[in-house]
Amino acid sequence: MSIYKKTLLIGFIVVTLASCGSKKEEVQIDLRTVRHETIELKSPVEALSFSGDIKSAVEPEVSFRVSGNVETMNFKLGQSVKKGEILATLDKIDYEIQLRKAESSYESAKASQIEAQSSYNRIKELYQNDSVSKSEFDSAKARMDSTSASLKVASEGIKYAKRQLKYTELKSSIDGTVAVKVSEVNENVAAGQPIYVLNTNTDLEAISFVPESAIGQINVGSQVNIYVGAICKNYLGEVVEVGTTSLQYGATYPVKVSILGTNSNLRSGMSVVVDFNKDKLNEKDKIFIPLNVILKDSNTNYVFIVKKDGEGVGVVKKVQVKTGIVTNKGLEILDGLSEGDELITAGMTKLENGQQVKLK
């Protein structure tokens, strides 16, 4: 073989080897790059924190059942009161006069009834002897019945006047403290007008106002954490009432929480922060994935996961999944994925089962 031919053969071989090496490099460069994340179990709820205030579970507005001029106010703001103690009194003069009038009316009715009864007894005896007509007998009986009814009304009048007089004394309905003093001595008040607001520090609760975007996630019976900033202490609580209307509360709903394990340091009116869903935050048993990673194949939903196959590369696996509800955490996965799976979150379009990819 001539030197020229040898030179051409060597050149062809070099070009052929270089061409093969170039194609091999192109295969490596063509590996699709995907992003992935490790699947972790999550709680189905979010931490929800809202401010509120401590209120007494029993906080009555006490008032007189009759109107009048306030004569005495026996307790000051913050003072302790016992059930049955007299909180305030009204001027009794008008009600004492009404009682005396009722008693006088009763005495008159009683005298009339005695006279009518005596007349009836006499006429009845004459009637039985045919000495008076039936109309006279009926008239005597009617008068007796009328006076008996009047006596009964007069008797009820005395009872009513006594009750009215009794209502001039305002008594405490609970053991507690004076939270608000509404009226003052010599003030003329109407029946039902608040005089005091009482409360008790032995049965406290927190009232928080929850926006409409979160109220659906709060349920009666859920445990909460209550932080009281004034004493820098946390208390365990339980949701006992969830408001169903936002009237009078703007765009929020009132939620009532009982405070468990209260102590003497707590006071009605203290500000709190209520952390809802405390009992469920540690229940991490759900899988949520981004909505955009779900792909459809005829009537099924599927995703791609990847298993590492060396440094920076992996093999794609197509996995059919059963989906649940959409939440602000993502789409709930009921079946198909497990904790620890590497979910492909970007670059999953046009992937095929078993395809090798570059991991990023």
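I will try to describe carefully the structure that is included in this document.

Procedures and definitions
Residues numbered from 1 in each chain as written. Predicted model: local features only at pLDDT ≥ 70, side-chain atom pairs only at ≥ 80, totals over all residues. Heavy atoms only, no water. Helix = DSSP H or I, 4+ residues; strand = E, 2+ residues; numbered from the N terminus. Buried < 20%, exposed > 50% of the residue type's maximum accessible area, 1.4 Å probe, protein only. Pairing = 2+ DSSP bridges. Core = buried A, V, L, I, M, F, W, Y, C linked by side-chain atoms within 4.5 Å. Contact = heavy atoms within 4.5 Å. Salt bridge = Lys/Arg side-chain N within 4 Å of Asp/Glu carboxyl O.

1. Description of the overall build of the protein
What the protein contains, in helices and strands, is three helices and 22 strands. For the protein, the proportion of its 360 residues judged to be buried stands at 32%.

2. Brief notes about the pairing of strand S20 (residues 330–335)
As judged from the three bridges shared by strand S16 (residues 287–289) and S20, these two strands associate in the antiparallel manner. What sits directly across from Ile287, in S20, is Ile333. Strand direction decides the pairing type here: strand S19 (residues 313–327) and S20, joined by four bridges, are antiparallel. Considered in S20, the bridge of Val326 is made with Leu331.

3. Some points on the nonpolar core
Counting residues in each nonpolar core, the largest one holds 24 residues, and the members touching the most others are Ile289, Val303, Phe304, Leu337, Ile344 and Leu351. Of all elements in the fold, only S16, strand S18 (300–308), S19, S20, strand S21 (342–346) and strand S22 (356–359) reach the threshold of two or more residues within this core. Top contributing element to this core by residue count: S18, with five residues. Grouped together as the second largest cluster of nonpolar side chains are 23 residues, Val239, Tyr253, Ile259 and Val274 included.

4. Description of the environment of Lys101
Relative to the assigned elements, Lys101 resides in helix H2 (residues 93–128). Distance from Lys101 to Ala154, taken between C-alpha atoms, is 9.9 Å for residues 53 residues apart in sequence.

5. Side note on the side chain of Thr147
Along the chain, Thr147 turns up in helix H3 (residues 134–166). Those residues within four positions of Thr147 in sequence are excluded, and the remaining contacts are Ala109, Ser112, Gln113 and Ala116.

6. Some remarks on the sheet that holds strand S9 (residues 188–189)
Within a beta sheet, neighbouring strands are joined by backbone hydrogen bonds and run either parallel or antiparallel to one another. Taken in spatial order, the four strands line up as S7-S6-S4-S9 in an open sheet, and their pairing is antiparallel. Only two strands of the sheet have a single neighbouring strand rather than two, namely strand S7 (169–171) and S9. Where strand S6 (residues 86–90) and S7 come together, three bridges link them in antiparallel fashion. Paired with Thr89 across the bridge in S7 is Glu169.

7. Details of the sheet that holds strand S5 (residues 80–81)
Read across the sheet, four strands follow the order S3-S10-S8-S5 without closing on themselves; strand pairing throughout is antiparallel. For this open sheet the edge positions go to strand S3 (61–63) and S5, each flanked by a neighbour on one side alone. For strand S8 (residues 176–181) and strand S10 (residues 194–199), the ladder comprises four bridges, and the chain directions are antiparallel. Within S10, the residue paired with Thr177 across the bridge is Asn199.

8. Thoughts on the pattern of salt bridges
Side chains bearing opposite charge may pair, as long as their charged atoms lie close to each other. All chains considered together, the criterion is met by eight salt bridges. A salt bridge links Lys181 to Glu184; the shortest N-O distance between them is 3.7 Å. Residue Lys181 is classed as partly exposed on the basis of its relative accessible area of 29%. A residue is classified by how much of its surface remains accessible, and Glu184, at 43% relative accessible area, is partly exposed. Ionic pairing is found between Lys256 and Glu241, a salt bridge with its closest N-O pair at 3.5 Å.

Read these as layout, nothing more, since geometry by itself doesn't imply function.
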